[in-house]
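Coordinates in review
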Amino acid sequence: MSRNHRRPLPKHNILNFVPTYPGNEADDVELIECFGDEQNRISVRMHRKQKIHEGDRSHRHLVELDAAKFNYAGYDADEEKFTNIHCENDRDCDEVLEKMYFSLLQKQTISKKMEDKFNYPVSYPGWEADAEDYLRYQESNTHIAARLSERIERKQQLFMGDRSHPAIEELDRLKCDYPGFPFDRKNYEALHCENTTFSEAALEKAYRQMTRREMLFSGNRHHELLVEMDEKEFTYPFFRRDVEELERLFGDVSPRTNAKMDTMVRKQWWWQSSKVTLTCGVLVLIVMAWNF
């Protein structure tokens, strides 16, 4: 008899029910191929999945979770993750769920405190870490707390699709097509949100980087440094490699850009001088040979 024909019999003997939850076939195969404690663990997994599929949340794990009545932003995703861990019934399931439950309690506490401090709900991904920092500094350092409050507000605005901040409006006016612009755009938004002591300078630099990289990509070489480079007409060996590096430094708004240009000018001077010296040397040799 084939394995497919033998599968239902041992499954029903072990489970005493016919699973109907999505994906039960994979668990069925694993159940039949295992023995002893591992088979019992998978059997419990399938029972739990079936109960969830039928809407039965009477297990102590889920009863305790539901009784807490969590309502913080992002709880739906955490509830689904908690339920999935419960269903999978890995060897450290109880320990993992206990730690996660206390983590959810902490999120709920932070959420309640944030509701008392802000006049809008905070719900962007990762809000918990920012909220903890804000609450920690609220009493001890009002300057840092004010920056964190602004950070939270900016992140929430972007998360909700509000792009009315002047820095974001300036970003949206940029029309760039160079490869890597989506990444640079995200980086600019992140710098805007972080709102640290160095954010303004970093934002200005990030904006200049995007405009310069677009200039290079589109062939616009009206910047004074690019005009100077093009006028030099470098010819020394491997100058193209230096040109590529100079353009990269230019696009990165690197402070080493001008120094690189000076190095290239010196290399060109040395190359031209060496050619002149070599030419003069050859002429001297020719004259000496003629006189001899």
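Residues numbered from 1 in each chain as written. Predicted model: local features only at pLDDT ≥ 70, side-chain atom pairs only at ≥ 80, totals over all residues. Heavy atoms only, no water.

1. Here we look at the packing of aromatic side chains
The following threshold applies: Pairing of aromatic rings covers Phe, Tyr and the six-membered ring of Trp, with a centre-to-centre limit of 6.5 Å; geometry is then stacked below 30 degrees between planes, edge-to-face above 60, and tilted otherwise. The numbering of helices and of strands both runs from the N terminus, where a helix is a DSSP run of H or I of at least 4 residues and a strand a run of E of at least 2. Only protein chains enter the accessibility calculation, which uses a 1.4 Å probe; a residue whose area is less than 20% of its type maximum is buried, one above 50% is exposed, and one in between is partly exposed.
Counted under the stated rule, the structure contains 11 aromatic pairs. Considering the side-chain rings of Tyr72 and Trp127, the 6.5 Å spacing of their centres and the 55° angle between planes classify their relative orientation as tilted. Pair noted here: Tyr72 is in the loop between helix H5 (60-68) and helix H6 (75-88) and Trp127 is in helix H8 (residues 127-140), with a separation of 55 residues, a long-range link. Ring centres 5.7 Å apart and planes at 70° place the aromatic pair Tyr178 and Phe181 in the edge-to-face group. Phe181 carries the same exposure label as Tyr178, and that label is buried.

2. A look at helix H14 (residues 239-251)
Stated formally: Each helix should span, by expectation, one fewer than its residue count multiplied by 1.5 Å.
If you check H14, its first and last C-alpha atoms are 18 Å apart, about what 13 residues at 1.5 Å a residue would give, namely 18 Å. When H14 is considered as a whole, its buried residues turn out to be Phe239, Asp242, Val243, Leu246, Leu249, Phe250 and Gly251. Just downstream of H14, Val253 is the residue with a positive phi angle, here 55°.

3. Some thoughts on the nonpolar core
Keep this limit in mind: To define a nonpolar core, start from buried Ala, Val, Leu, Ile, Met, Phe, Trp, Tyr and Cys residues and group those joined through side-chain atoms within 4.5 Å. We call two residues contacting when some pair of their heavy atoms lies within 4.5 Å.
Ranked by size, the top nonpolar core spans 22 residues in total, and within it Phe70, Phe82, Leu104, Met114, Trp127, Tyr134 and Ile152 carry the most contacts. The set of elements that each furnish at least two residues to this core consists of H5, H6, helix H7 (93-117), H8 and helix H9 (142-159). It is H7 that contributes the most residues to this core, seven residues altogether. In this structure Phe70 touches Leu65, Tyr75, Tyr101, Leu104, Leu105 and Gln108, once residues within four positions along its chain are discounted. Core analysis: the next-biggest nonpolar cluster, separate from the first, contains 12 residues, Met229, Tyr236, Phe250 and Met264 among them.

4. Quick look at the packing of H5 against H6
Where we set the bar: Angles run from 0 to 180 degrees between N-to-C directions of axes, and those axes are lines fitted to C-alpha atoms, restricted for helices to the stretch in contact. Note that the term roughly parallel is reserved for angles under 35 degrees, roughly antiparallel for angles over 145, roughly perpendicular for angles of 65 to 115, and oblique for everything else. Note on convention: the crossing is left-handed when the near helix lies turned anticlockwise from the far helix by less than a right angle, right-handed when the turn is clockwise. When residues are sorted by character, Ala, Val, Leu, Ile, Met, Phe, Trp, Tyr, Cys and Pro go into the nonpolar class, Asp, Glu, Lys and Arg into the charged class, and all the rest, Gly among them, into the polar class.
Running from N to C, H5 and H6 cross one another at 165°; their axes reach a closest spacing of 10 Å. With respect to H6, the axis of H5 lies roughly antiparallel. In the crossing of H5 with H6, the sense of the turn from one axis to the other is right-handed. In this structure, H5 contributes His61, Leu62, Leu65 and Asp66 to the contact, and H6 contributes Tyr75, Glu79, Phe82, Thr83 and His86. Tallied by class, residues from the contact of H5 with H6 come to four nonpolar, three polar and two charged.

5. Notes on the environment of Val265
Looking at the secondary structure, you find Val265 in helix H15 (residues 257-291). In sequence terms Val265 and Gly36 are 229 residues apart; their C-alpha atoms lie 78 Å from each other. Excluding anything up to four places from it in sequence, Val265 contacts Lys232 and Phe234.

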